[in-house]
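Each chain, written out:
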Amino acid sequence: MKRVCTRQFRNLTRLRSFGEVREKISRSINHVCLSRRSFHGSACRLGELELTSVRYPHVQRGKYATLTEKDVDFFQKLLPQRVLQDPSELDGYNIDWMRTVRGNSQMVLRPKTTSEVAEILKYCNERHLAVVPQGGNTGLVGGSVPVFDEIVISTQLMNQIISLDEVSGIVVCQSGCILETLDNYLAERELMMPLDLGAKGSCHIGGNVSTNAGGLRLLRYGSLHGSVLGVEAVLASGEIVDCLSSLRKDNTGYDLKQLFIGSEGTLGMVTSVSILCPRRPKAVNVAFLGVENFEAALQTFQLCKGMLAEILSACEFMDQESMQCIQENLKLTNPIKSYPLYILIETSGSHGSHDEEKLNAFLEAAMGKGIVQDGTIAMDVTQRQNIWGLRERIAEGLLHDGYNYKYDISLPLPKLYEIVEDMRQRLGSKVTRVVSYGHLGDGNLHFNVTTPEYNKEVLGLIEPYIYEWTSQVRGSVSAEHGLGFKKRDCIRYSKEPNAVKMMVKMKKLFDPNGILNPYKTIPL
Ligand code: FAD
Ligand code: MLT
Ligand code: ZN
């Protein structure tokens, strides 16, 4: 049984309902650590999900070859014992984490080396066989699974750490290393990965790089476009592009590695990466706060940016409906009273008492101004994890409702919650819940709707309305999850026609036969 206790905010005379807080949070938190869940082969209702080709009949299979016995022979010789064809093993690779799309691949290849990936792609390109690169299969836009019968190339066995320079903090590793494994390895050397996300126990660094994953600490450590120093990738032709630099500075020509960051496996298969890792902070604090409305949430963010400054490492928010979802579906416990919105603030620094002093001063000011109504601070690692669990596990909680319509948008901060209120009115009682949470510090809203099962009418009420709304305020229809299969036709809401034209040209240059992750990311 784990308990979260409240620490007295020093000098904080106006923290309301402090007694209540202590009582409430002494209840147990049933915390199943999502990061340790394995998504592959999850047995949950996989058999019932209809094929993507049935649910999306307007998408036509491209003119690709189909697998022959000769192809199977070739792959079995190249990858002995590493070709999966047993239907019972294929489900976990054909179905996405959200269980919303289902491909029909007959084969999964599990290379261990870059040269094996090169052999595979060379062969597939010559044979016109379509492929899907797959990491941990935690992507949220249907990009990591086949649409039809594309061959899955999994990075599961490409999990070697190649080198670590402890002075510069630069780690070089294969693309199939699991994010959490890397972070644990670095923790022993007082370093950390510059990104963190709820799927860390399953997602691969190659998948993170290919989606340009943002996550919980982008506010502090920036995007992977900054911290990835080098990428090695294999093109559709089988050519290896070695841009695996480990230099902080390198202005020799075009920065080609950037093209593989966020291109979702459509331009090449990432085989190794080199990443700049920050020092692991010695002092970490996590506070969970309740506020009355979104205006107060923004004021809290502004105040903490000013007062916590260089030690602020995360500023996340979740609404009351998110809290209800995890309480009902995952049996988690709210450590404070019920509020319309909650804010999670994390500080990371090198001097414990200095950081605490700053955090207390901030909380005192926030309470004193009446911006924050209530709150709790984690006192140890377990409590920190439990508080983080409230925010990180909403995605998991939503799946229990049935079907989850998931949107990941960037909006100007003052507009961030307006769209939620608007959509709530629009959808009324037709849906189970409308839930929103996200990376407040990055202006990134995760807007979610659930129904017991997939419902076309509900989808029609959400789309294209939400994209038009976002576009009108010059937001982005995909802030961090990418476009994948489900959002590829929405690109024009956020990118002008000439930009899309250029992307199409680049795709043709890199992958003239279109074998790499077809039907994904850019409309062709
Ligand atoms: P996959 O899902 O396997 O693949 C994702 C895409 O990358 C696919 O298009 C695939 O074809 C491509 N790809 C994978 N590996 C390679 C490779 N080696 N070379 C080329 N292409 C490749 N995302 C965020 O940005 N921020 C979050 O906070 C966040 N939180 C999440 C929380 C949960 C619980 C879950 C389930 C997902 C979350 N995500 C988040 C989604 C996020 O995109 C993924 O979790 C992660 O980045 C994908 O890594 P993966 O290894 O699972 O990739
Ligand atoms: C998150 O921030 O929790 C993830 O991006 C997952 C989600 O959007 O549900
Ligand atoms: Zn996110």
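Residues numbered from 1 in each chain as written. Chains lettered and ligands numbered in written order. Predicted model: local features only at pLDDT ≥ 70, side-chain atom pairs only at ≥ 80, totals over all residues. Heavy atoms only, no water.

**Some thoughts on the environment of Gly142**
Then step 1. Its location among the elements puts Gly142 in the loop between β3 (131-134) and β4 (151-154).
Then step 2. Put simply, Gly142 and Tyr185 are 43 residues apart on the chain and 30 Å apart in space, counted from C-alpha to C-alpha.
Then step 3. For Gly142, the contacting residues outside a window of four places in its chain are Val101, Phe485, Lys486 and Lys520. (Helix = DSSP H or I, 4+ residues; strand = E, 2+ residues; numbered from the N terminus. Contact = heavy atoms within 4.5 Å.)

**A look at the site of ligand 1**
Then step 1. Around ligand 1, the surrounding shell holds 36 residues, and the nearest of these are Pro133, Gly135, Thr138, Gly139 and His204.
Then step 2. In this structure, Gly215 approaches ligand 1 through a main-chain N or O atom, which is 3.2 Å from a nitrogen atom.
Then step 3. Isolated, ligand 1 exposes 960 Å² of accessible area, and the fraction of that covered by the protein chains is 98%.
Then step 4. Put simply, the parts of the chain that give the shell around ligand 1 at least two residues each are β3, α7 (205-211) and β9 (269-276).
Then step 5. Of all the elements, α7 adds the most residues to the shell around ligand 1, at five residues.
Then step 6. Residues belonging to the shell around ligand 1 are distributed by class as follows: ten nonpolar, 24 polar and two charged. (Near = heavy atom within 4 Å. Polar contact = N/O pair within 3.5 Å; in protein donor to acceptor, adjacent residues only side chain to side chain. Areas by Shrake-Rupley, 256 points an atom, 1.4 Å probe, with all protein chains shown as cover. Nonpolar A, V, L, I, M, F, W, Y, C, P; charged D, E, K, R; others polar.)

**Comments concerning unusual backbone geometry**
One can expect most non-glycine residues to show negative phi and most peptide bonds to be in trans.
Then step 1. In this model, Glu463 is joined to Pro464 through a cis peptide bond whose omega is 0 degrees.
Then step 2. Assignment of secondary structure puts Pro464 in the loop between α17 (456-462) and α18 (465-472).
Then step 3. You will see that Arg99, though not glycine, has its phi angle at about 55 degrees, which is positive.
Then step 4. Among the structural elements, Arg99 can be located in the loop between α4 (87-94) and β2 (108-109).
Then step 5. Look at Glu190: it is not a glycine, yet its phi comes out positive at around 60 degrees.
Then step 6. Assignment of secondary structure puts Glu190 in the loop between α6 (179-187) and α7.

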